[in-house]
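Summary of structural features
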Amino acid sequence: RFGFTQQRLQPLLGKALKPSGFASLDDPIVPGDIRKRNLLKILSPAILRHAEQVGAHYRAYLENLGLDWAHSPLVDIGYSGTSQAAMASLLGVKLTGRYLITSCRATRLDSSGLPYESWLAHQVKLEHPFFQHVQLWELLLSATHGSINRIHPQTLEPVEDEPVLD
């Protein structure tokens, strides 16, 4: 996400793969593989530096739009509130969420102290009929443009990068 692709990581990976225990990018990763944790520990300073830049550009973009990002809610289809939690962390604010529907997984928002409301249904079980057709709802309710990958640092405009399949 946000343009942190394999291509951008390539210079770092050369220094991080072997110390983390990987022989190459083609090594399979199995659940509980300690090498994944080792790799993330090695890469985390670069990832965090990149995230700080992304966060600064995103905050500047919202301010440029005139949005009071500290008090404007995130509006989303819903499910578990993952985007709200991530955006709140990125912006450093207690972001409110407004959702079409939330599943029982949204309770983590409660434990994080992030306020939210659901219009159609609140904290329903994943067996709810809505969740049996998530892709259809995403298709019908999503924007017609591609995902916003990042905010351009000079123009402060959203960038719809081509999909990266690496």
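Check the entry above for the structure.
For the structure given in this document, a descriptive report is provided here.

1. Things to note about helix α2 (residues 34–65)
Here α2 contains 32 residues, and its C-alpha end-to-end distance of 43 Å stays within 8% of the 46 Å for a straight helix at 1.5 Å per residue. The sharpest bend along α2 comes to roughly 55°, located at L43, with the proline P45 sitting one to four residues further on. Three or more residues of α2 are buried, namely R35, L39, L43, A46, H50, V54, G55, Y58, Y61 and L62. One or two steps after α2, the chain reaches G66, where phi turns positive at roughly 85°.

2. Side note on the packing of α2 against helix α3 (residues 82–91)
Relative orientation of the contacting elements α2 and α3 amounts to 90°, with a least axis distance of 9 Å. Considering their axes alone, α2 and α3 lie roughly perpendicular with respect to each other. Contacts between α2 and α3 involve A51, G55, Y58, R59 and L62 from the former and M87, L90 and L91 from the latter. Class assignment of the residues belonging to the contact of α2 with α3 gives a composition of six nonpolar, one polar and one charged.

3. Observations concerning the sheet that holds strand β1 (residues 74–79)
If you walk across this open sheet you meet the three strands as β1-β2-β3, and the pairing is parallel. Single-partner strands in this sheet number two, and they are β1 and β3 (116–124). Averaged over all neighbouring strand pairs, the angle between strand axes comes to 5°, with direction disregarded. Set on the sheet, α3 makes contact with β1, β2 (97–103) and β3; between it and β1 the angle comes to about 140°.

4. So, the environment of E138
Mapping E138 onto the fold places it in helix α5 (residues 134–141). Taking the C-alpha atoms as reference, E138 lies 27 Å from A70; in sequence the two are 68 residues apart. Non-local contacts of E138, meaning those with residues more than four positions away in its chain, are made with I77 and Y79.

Criteria and thresholds
- Residues numbered from 1 in each chain as written.
- Predicted model: local features only at pLDDT ≥ 70, side-chain atom pairs only at ≥ 80, totals over all residues.
- Heavy atoms only, no water.
- Helix = DSSP H or I, 4+ residues; strand = E, 2+ residues; numbered from the N terminus.
- Expected span 1.5 Å × (residues − 1).
- Bend = angle between axes of the 7 residues up to and from the residue.
- Buried < 20%, exposed > 50% of the residue type's maximum accessible area, 1.4 Å probe, protein only.
- Axes fitted to C-alpha atoms, helices over the stretch in contact; angles between N-to-C directions.
- Parallel < 35°, antiparallel > 145°, perpendicular 65-115°, else oblique.
- Contact = heavy atoms within 4.5 Å.
- Nonpolar A, V, L, I, M, F, W, Y, C, P; charged D, E, K, R; others polar.
- Pairing = 2+ DSSP bridges.

Everything listed here is a matter of geometry and, on its own, says nothing about what the molecule does.
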